[in-house]
Every structure is written in C-alpha cells, then in structure tokens.
Amino acid sequence: MERLDKILSKHGFGTRKDVKKLLHSGAVCVNGNVCTEADFHVNVDEDVIAVDGETLSIKRNVYLMMNKKSDVVCAAKDGLHATVFDCLSDEYRHTFLGGDLHLVGRLDIDTEGLLLLTTDGTLTHRLTSPKTHISKTYLVTLAESVAAPDKARYTDAIRSGIEIPPEGDESGFVSLPADVTWVSDNVCNLVIYEGKYHQVKRMFATLGNRVVALRRTAMGGLKLDESLESGEYRELTTAELALLQ
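So, here's what we can say about the structure. (Residues numbered from 1 in each chain as written. Predicted model: local features only at pLDDT ≥ 70, side-chain atom pairs only at ≥ 80, totals over all residues. Heavy atoms only, no water.)

## Here we look at the overall build of the protein chain
Broken down by element type, the protein chain carries 6 helices and 17 strands. In summary, the protein chain has a C-alpha radius of gyration of 23 Å against a globular reference of 18 Å for 245 residues, an excess of more than 25%. Dimensions along the principal axes, computed over C-alpha positions, put the protein chain at roughly 75 × 35 × 35 Å. In the protein chain, buried positions account for 43% of the 245 residues. Excluding contacts between residues fewer than 6 apart, the proportion of contacts in the protein chain whose partners are at least 24 apart in sequence is 63%. (Helix = DSSP H or I, 4+ residues; strand = E, 2+ residues; numbered from the N terminus. Rg over C-alpha atoms; globule rule 2.2 N^0.38 Å. Buried < 20%, exposed > 50% of the residue type's maximum accessible area, 1.4 Å probe, protein only. Contact = heavy atoms within 4.5 Å.)

Printed below as a string of structure tokens:
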C-alpha cells in the first residue's frame, strides 16, 4: 500500500503541493471514484488510478536494457562526455516508487553493448555481488591475429585463471576461470564470472595482445536485443526479467 500523493508525485505530477491541488480539482479517480485525499492508501498491484480519465501505468520498479554506444560514460553526470542517462527520455527522469534509476554495473567509455538500468536495489546487489558469479559475455576484437598454437595457449590460460598485474591504483588479481570460443583469428566470445576494473582488456594484455573493440552481449541468461540501435533502450519483458532472478 502506498499513499496516493506519493504515487502521483513519483509518476510525474509534480511536488506533493502540486499533487494536492490536482486532487482537490477532482481530476483523480481510484477504482472509478473521485478521490481528493492525499493520504488515501492505494494497493499499487490491484487498484486502478486515473487522472483526467486516463489510467496510470503504476510502476514500483523499472528495468531497462540499453545497447550502450561508445563515447558515452556510465555515470549520472560527467563534465566532459555525454552519459547513459542523457540517452533517456523524460519518462525515466524522475524517482519511481522503488527509488532512483541506477546502473547495474558499468561499462568503459569505449565499450558497447548490454547495459542494465533499474530502480530495484535487490536485483542490482544480486547481479553485481562478487559472491554470485553472474556470467557476463563479451565479443572481443583483438589488435593482432592469434595463430592456432597461441589460441590454445590463450584458451588454457583463460580457463585456468590469469595472474593480472596491478594497473594504476588498481591492485593485481588472479582472474576466475572463464570460457572462450574463437569466432576468427582475432575475434572471440569471452564469458567471465566477475567484473574487475578493465578486466577483459587486462586479461588479453597479460597474454600479449590488445583489445581494440569490446561489446557485452549477455548478462546471465539475458541476451542483448540486437534490434536495438546503438544508444537505444527499452524495458525488459516479464520473461527477460525472470532470467535475472
């Protein structure tokens, strides 16, 4: 149950003061009955709210899939570059009942592909906690072609775990065993089960190569909708959300 004024405020009808004026005007109905009480409690899963005759789609939490484009940073604000939040329409630029829209993990500025945004903190914790080892799949393009003997070396090292040296202020680590399949001599699909700083780039740098293009294509059982153009996004379907639970 939620207060009616809170629901209306969180769905773009202004401040609590604005909402009170709207309620006193008689424009708001709950289950077909005019309601003027700001503190009236509504069951967001069952009750029907209408404003000026138009039924509201009440959302406690929002789940977005974005096909992140390059040169856009995963941050709420940045003084130099556009952010993923700049790609969103006004429909998602307010606080929902579940809270503020936030990123589920991050991608580097030059990395493209699947990025999740949600208001659901519980889901975010599950997907990003080091304890859960949620898989993340990347399409990796390397600067140098890899001959058959080196492919075997790369594959064995990736599947065994690679000792990654420190980078800047970031400490070194041994990567968890990962999976790799080769698409061509310089392109592979990599599945990792953690999300360290610049991890994919550091893994291949340690192996003696350089990543020139990186695209995340899946997280857990959820795959990127390839019909989304670069920078486009949409809400997850019920079936897609179930893949992340």
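After that view, the rundown keeps rolling.
## A short note on the pairing of strand β14 (residues 187-192)
Judged by how many residues are buried, β14 sits mostly within the fold: 5 of 6 residues are covered. Pairing of strand β10 (residues 136-142) with β14 involves 6 bridges; the strand directions are antiparallel. Note that in β14 the partner of V140 across the bridge is C188. For strand β13 (residues 179-182) and β14, the ladder comprises 4 bridges, and the chain directions are antiparallel. Note on β14: the bridge partner recorded for D179 is V191. What sits between the antiparallel neighbours β13 and β14 is a turn of 4 residues. (Pairing = 2+ DSSP bridges.)

## Focus: the pattern of salt bridges
Taken as a whole and judged by the stated rule, the model has 14 salt bridges. The salt bridge involving E112 is made with R215; its shortest N-O contact spans 4.0 Å. On the criterion of sequence distance, the pair formed by E112 in strand β9 (residues 112-118) and R215 in strand β15 (residues 211-219) is long-range, its members being 103 residues apart. Its salt-bridge partner being E240, residue R234 comes within 2.7 Å of it at the nearest N-O pair. R234 gets classed as partly exposed once you look at its relative accessible area, which sits at 22%. Looking at E240, the relative accessible area reads 14%, which means it is buried. Each of E2, K6 and R60 takes part in one network of salt bridges that share partners. (Salt bridge = Lys/Arg side-chain N within 4 Å of Asp/Glu carboxyl O.)

## As for helix α5 (residues 199-206)
Within α5, burial applies to Q199, V200, R202, M203 and F204. Buried residues along α5 sit in contact with β10, α4 (148-160), β11 (163-164), β12 (173-174), β14 and β15. Just past α5, the residue G208 takes up positive phi, approximately 100 degrees.

## Regarding the layout of surface pockets
The gaps of empty space that remain are located by a probe, the size of a water molecule, rolled over the atoms. Taken as a whole, the largest pocket encloses approximately 680 Å³ of empty space. Around the largest pocket, the lining comprises 32 residues; the ones closest to its centre are R106, Y138, G195, K196 and Y197. Of all the secondary-structure elements, those providing two or more residues to the lining of the largest pocket are α3 (121-128), β10, α5 and β15. In terms of residue class, the lining of the largest pocket is made up of 16 nonpolar, 9 polar and 7 charged. (1 Å grid on protein atoms, 1.4 Å probe; cavity = no way out; pocket = protein on both sides within 12 Å on 5 of 7 lines; lining within 4 Å. Points joined across faces, edges and corners; volume = space filled by probe spheres on them. Nonpolar A, V, L, I, M, F, W, Y, C, P; charged D, E, K, R; others polar.)

## A few points about unusual backbone geometry
Positioned with a positive phi, D52 is a non-glycine residue whose angle comes to about 55 degrees. A positive phi angle, close to 70 degrees, is found at D71, a residue other than glycine. When you line up the elements, D71 lands in the loop between β7 (63-68) and β8 (102-104). The exposed category is assigned to D71, whose relative accessible area is 55%.

## Regarding the environment of D18
Here D18 shows up in helix α2 (residues 16-24). A distance of 3.0 Å separates the side chain of D18 from the backbone nitrogen of T15, its partner in a polar contact. (Polar contact = N/O pair within 3.5 Å; in protein donor to acceptor, adjacent residues only side chain to side chain.)

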